[in-house]
Structures are given as structure tokens and as C-alpha cells.
Amino acid sequence: MVSKLSSSEQEKVELEHQAAKLFMRWYEHETGKVIRHLWHNRPSKPDVSCRFEGDRLDIEVAHLYGSELEAKQILNRELSDKTLLELQQLEKNTAPESRLLTALNRILLNKSSKHYKTKRVWLVIRNAHPAWSKTQIQALQQHITVPKAHPFEQIWIVGDWDGKSGIVRLFP
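Rules behind the numbers
Residues numbered from 1 in each chain as written. Predicted model: local features only at pLDDT ≥ 70, side-chain atom pairs only at ≥ 80, totals over all residues. Heavy atoms only, no water. Helix = DSSP H or I, 4+ residues; strand = E, 2+ residues; numbered from the N terminus. Buried < 20%, exposed > 50% of the residue type's maximum accessible area, 1.4 Å probe, protein only. Contact = heavy atoms within 4.5 Å. Areas by Shrake-Rupley, 256 points an atom, 1.4 Å probe, with all protein chains shown as cover. Salt bridge = Lys/Arg side-chain N within 4 Å of Asp/Glu carboxyl O. Pairing = 2+ DSSP bridges. Axes fitted to C-alpha atoms, helices over the stretch in contact; angles between N-to-C directions. Polar contact = N/O pair within 3.5 Å; in protein donor to acceptor, adjacent residues only side chain to side chain. Expected span 1.5 Å × (residues − 1). Phe/Tyr/Trp six-rings, centres within 6.5 Å; stacked < 30°, edge-to-face > 60°. Lys NZ or Arg CZ within 6 Å of the ring centre and 35° of its normal.

> I keep staring at the overall build of the protein and nothing clicks. Help me out?
For the protein, the helix and strand inventory stands at five helices and six strands. Mapped from its N terminus to its C terminus, the protein presents α and β elements in the order α-β-β-β-α-α-α-β-α-β-β. In the protein, buried positions account for 47% of the 172 residues. By sequence separation, contacts in the protein at least 24 residues apart represent 60% of the contacts at least 6 residues apart. Of the roughly 9,800 Å² of accessible surface on the protein, a fraction of 52% belongs to carbon and sulfur atoms.

Listed below in C-alpha cells is the structure:
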């Protein structure tokens, strides 16, 4: 029996697929290595999977927002309680100019504690903040904190919502 997804679950799946497709297109462009055939996974696995170098590659997707209001505007919906609390804390405790670094480090810390039932998993973060860019992310690379222990073979960020500016490798 096929279960129907709620509209918010369907939107989440679509956002994850969009982010993964943007990343895959840029990755192929920058490396010349083919990465194809995207499909969605169940919750115990990373968000999406694809074929890379003849094997399965799993991709966990995260979105980088600067504030609660911005996330609601971009997504055009209410946020989960956990996301809402994290964005409220970020806004309350962080000056606007340092919010990019704080938000990115928060995502990296949160994702580092995850465990996946898979051989290979990459983390792809999609920047959703219209005022932040690939250039700003690259300028902060020396200050980005990737936790020592995490499940990811590689960590990347898509520089902007539409994927026009390219990708930045954060790890290794």
C-alpha cells in the first residue's frame, strides 16, 4: 500500500530534490564526474540517493536560513517547533552580520550527531538567505566549524537558493 504524503511532507521532499539537483548539476560542472538518478529515501536513511561512480551515494539535505520570518516567507508555510525554536534563538542571540556563520555552524553541529544506515553519505546545505552569497561563505571558510566526529564523507553548500553562484566544498 502506497502512503500519501501530507502537503508539508511533499513540499519538504520537493525542496530536498531541488537542492540535490542544483548540487548535482554544479558538481558535474566543476568536477566532470557524472552524478545521476535521484530518488527519495525513508526517514532512517539520508534524504535522497543517486548514482555516483557506479555506486549508490546518499545525500542528506539541509537548508540555511537567517531568521524565522525569512524561512516562513521562503517556504510560504509554518515551521516545525524545533526549527522555529532554533531560528528564534539565532535571531535573539546573534548580530545580523554574524548570523551566517552562526547558522551554518549550528546546522553542521546538529547534523554531526546523526547516524545513517548507509555506506556513503554527503551533506549538502542549500543557502536560502537572499543576502548571503557563495563569496561570503568562501570568505568565512576559516571560521566554519565542522565537528571532528560526523558521518559525512563530504560536506558541500549550494551558494544561493537558485544555485546560480555554484557550490563550495566545506569538508574535507
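> Explain the pattern of salt bridges to me, please; I cannot follow it from the model alone.
Side-chain pairing between opposite charges can occur once the charged atoms of the two side chains come close. Applying the stated criterion to the full structure yields five salt bridges. Here Arg 56 makes a salt bridge to Asp 58, at a shortest N to O gap of 2.9 Å. One salt bridge in this structure joins Glu 60 and Lys 111, with 2.7 Å as the shortest N-O distance. You can see Glu 60 sitting in strand S3 (residues 55-64) and its partner Lys 111 sitting in helix H4 (residues 99-112), a full 51 residues away along the chain. Each member of the pair Glu 60 and Lys 111 is classed as buried.

> Would you mind going over the sheet that holds strand S1 (residues 35-40) with me for this structure?
The pairing of strands in a sheet comes from backbone hydrogen bonds and takes either a parallel or an antiparallel form. Read across the sheet, six strands follow the order S1-S2-S3-S4-S5-S6 without closing on themselves; strand pairing throughout is mixed. Taken across any chain shown, the strands that pair with only one partner, and hence form the sheet edges, are S1 and strand S6 (167-171). Within this sheet the neighbouring strands show an average axis-to-axis angle of 30 degrees, counted without direction. Here S1 runs beside strand S2 (residues 48-52); their pairing, made up of four bridges, is antiparallel.

> Could you clarify how one ought to interpret the environment of Lys 33 in this entry?
Mapped onto the secondary structure, Lys 33 falls in the loop between helix H1 (7-31) and S1. We classify Lys 33 as partly exposed; its relative accessible area is 37%. Counting along the chain gives 20 residues from Lys 33 to Glu 53, while the straight-line C-alpha distance between them is 7.7 Å. Excluding its chain neighbours within four sequence positions, the residues that come into contact with Lys 33 are Tyr 27, Glu 28, Phe 52 and Glu 53. Polar side-chain contacts of Lys 33 include one of 3.5 Å to the side chain of Glu 53.

> Could you clarify how one ought to interpret H4 in this entry?
Think of an α-helix as turning once every 3.6 residues; residues three or four places apart then point the same way. For H4, which comprises 14 residues, the first-to-last C-alpha distance of 20 Å matches the rise-based estimate of 20 Å (1.5 Å per residue) to within 8%. Buried residues dominate H4, accounting for ten of its 14 residues. Turning to H4, its buried residues are Arg 99, Leu 100, Ala 103, Leu 104, Asn 105, Arg 106, Ile 107, Leu 108, Lys 111 and Ser 112.

> When you look at the packing of aromatic side chains in this model, what are you seeing that I'm missing?
The description of an aromatic ring pair rests on the distance of the ring centres and on the angle between the ring planes. Inspection of every chain in the model, using the stated rule, returns eight aromatic pairs. Summarising the aromatic geometry, the rings of Phe 23 and Trp 156 are spaced 5.6 Å apart at their centres and angled 55 degrees between planes, so their arrangement reads as tilted. On the criterion of sequence distance, the pair formed by Phe 23 in helix H1 and Trp 156 in strand S5 (residues 154-158) is long-range, its members being 133 residues apart. Assigned by exposure class, Phe 23 and Trp 156 land together as buried. For the ring pair Tyr 27 and Phe 52, a centre distance of 5.6 Å and an interplane angle of 75 degrees mean the geometry is edge-to-face. On the criterion of sequence distance, the pair formed by Tyr 27 in helix H1 and Phe 52 in strand S2 is long-range, its members being 25 residues apart. Assessed through its relative accessible area of 2%, Phe 52 is described here as buried. Every member of this aromatic cluster is reached through a ring pair, and the members are Phe 23, Tyr 27, Phe 52, Trp 122 and Trp 156. When the ring centre of Trp 161 is taken as origin, the NZ or CZ atom of Arg 126, which lies over that ring, is 3.7 Å away.

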